[in-house]
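# An overview of the molecular structure
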Amino acid sequence: MFNKGVMNKMRVFTISNCIVLCCAIILSGCGLFGGNQGDRGELIGAPDRQGWEMTRPFGMVSVPSGTFHMGQADEDVAATQINFNKQVTIGAFFMDDTEITNNEYRQFTQNLQQSSEIDLPTGYSIADLMPDTTVWTRDYTHHMGDPLVVYYWSHPAFDDYPVVGIDWNSAKYFCDWRTQYLNDYRTSVGLPVMPNFRLPSEAEWEYASRGGRDMAKYPWGNPYIRNAKGCLLANFKPGRGNYFDDGYAYTSPIGTYFANEYGLYDMAGNVAEWCEDAYNPSAMPLTWDLNPTYFDENIPFKVIRGGSWKDIAYYLETGTRSYEHQDTTRASIGFRCAMTYLGRSSGYEF
């Protein structure tokens, strides 16, 4: 039989235990002993992280990861020796299915004109970002390009034609604006931001142009520029003085010709396209074999790919390299955007 002293000690001990237990619960809720109670002391990652699902931006197609042989896919007719074959791996990305059109670029310029808070590139005004329409007369000697100077950019008849007269810097800024324009909306509705729009690297462009056909000479395969019915497969210059044999004397509306296996239109002909890379004739052996890109701010010449409406078939080949000064505008050069794919990159998710 317990005496009163023992009973009092047990009562004090029980009360003390209750106090300690309550304090532990309170401190645990404050994150001092074990952090969040819900994890039961296990490593489960930081709580309240928003989920992520990579969605395909409007107007873009998915280009899955893969390995291909970058470089010339046929004889080096010009004997340039600047594009020897090299096996490289490319990560998954998205790419515009067509070149940026006049009307899409007009959305950009109108937004800049209507916005009160914009950060333009150093040394650039809104007027500098507008397409240079004088390219239609300046690029060609004794050429009656005046109608195109007046109408190609301004008239709705050409809304679905690729924008030209855009230099490399303006194309880069368009990508920056497009990124902000999309992410401002996504942020306003509580969605996580998307990766940046950008110009494709030269390796990405060549990989995408082949549409999964390793060593393909043209985006549609090998080795001809006409189909079985004799129809030309792209908008280019098939012979001396012959611009209209493909149906268009100048540029053609986007998506006029068949897409390649990735769903990309006009990866050969129509207009050549700016790439991200600086041009270096020795870039092939210098770059890595995983997502190669040649950056050099000290080189003002940038890579252009794909050939245009005024070029012969050699420039339409997937392995032909060319370049232009980054401040130069041409009636034969446009661009399209790319976006890095975040998440699995096996390619099977596409």
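Anyway, here's the lowdown on the structure attached to this text.

The rules behind each value
Residues numbered from 1 in each chain as written. Predicted model: local features only at pLDDT ≥ 70, side-chain atom pairs only at ≥ 80, totals over all residues. Heavy atoms only, no water. Phe/Tyr/Trp six-rings, centres within 6.5 Å; stacked < 30°, edge-to-face > 60°. Helix = DSSP H or I, 4+ residues; strand = E, 2+ residues; numbered from the N terminus. Buried < 20%, exposed > 50% of the residue type's maximum accessible area, 1.4 Å probe, protein only. Lys NZ or Arg CZ within 6 Å of the ring centre and 35° of its normal. 1 Å grid on protein atoms, 1.4 Å probe; cavity = no way out; pocket = protein on both sides within 12 Å on 5 of 7 lines; lining within 4 Å. Points joined across faces, edges and corners; volume = space filled by probe spheres on them.

### Observations regarding the packing of aromatic side chains
Summed over all chains, the structure comprises 26 aromatic pairs. Geometrically, the ring pair formed by Trp177 and Tyr181 is stacked, given 4.9 Å between the ring centres and 25 degrees between the ring planes. With a gap of four residues between them, Trp177 and Tyr181 both fall in helix α6 (residues 168–188), about one helical turn apart. Note on Phe301 and Tyr323: the rings are 5.6 Å apart at their centroids and 85 degrees apart in plane angle, and the pair reads as edge-to-face. Taken as a pair, Phe301 in strand β7 (residues 301–305) and Tyr323 in strand β8 (residues 322–325) lie far apart in primary sequence, 22 residues in all. With relative accessibility at 34%, the residue Phe301 sits in the partly exposed group. Cluster of aromatic residues (ring-pair linked, three or more members): Tyr105, Phe108, Trp153, Tyr173, Phe174, Trp177, Tyr181 and Phe335. Over the ring of Trp153 we find Arg106; its NZ or CZ atom is 4.5 Å from the centre of that ring. Sitting over the ring of Trp168, Lys302 keeps its end group 4.4 Å from the ring centre.

### Describing the layout of surface pockets
Its volume calculated, the largest pocket comes out at about 510 Å³. Residue lining of the largest pocket: 20 residues in total, with Phe58, Glu104, Gln107, Arg178 and Phe197 positioned closest to the centre. Secondary structure elements with two or more residues in the lining of the largest pocket: α2 (102–114) and α6. It is α6 that provides the largest number of residues to the lining of the largest pocket, a total of six residues.

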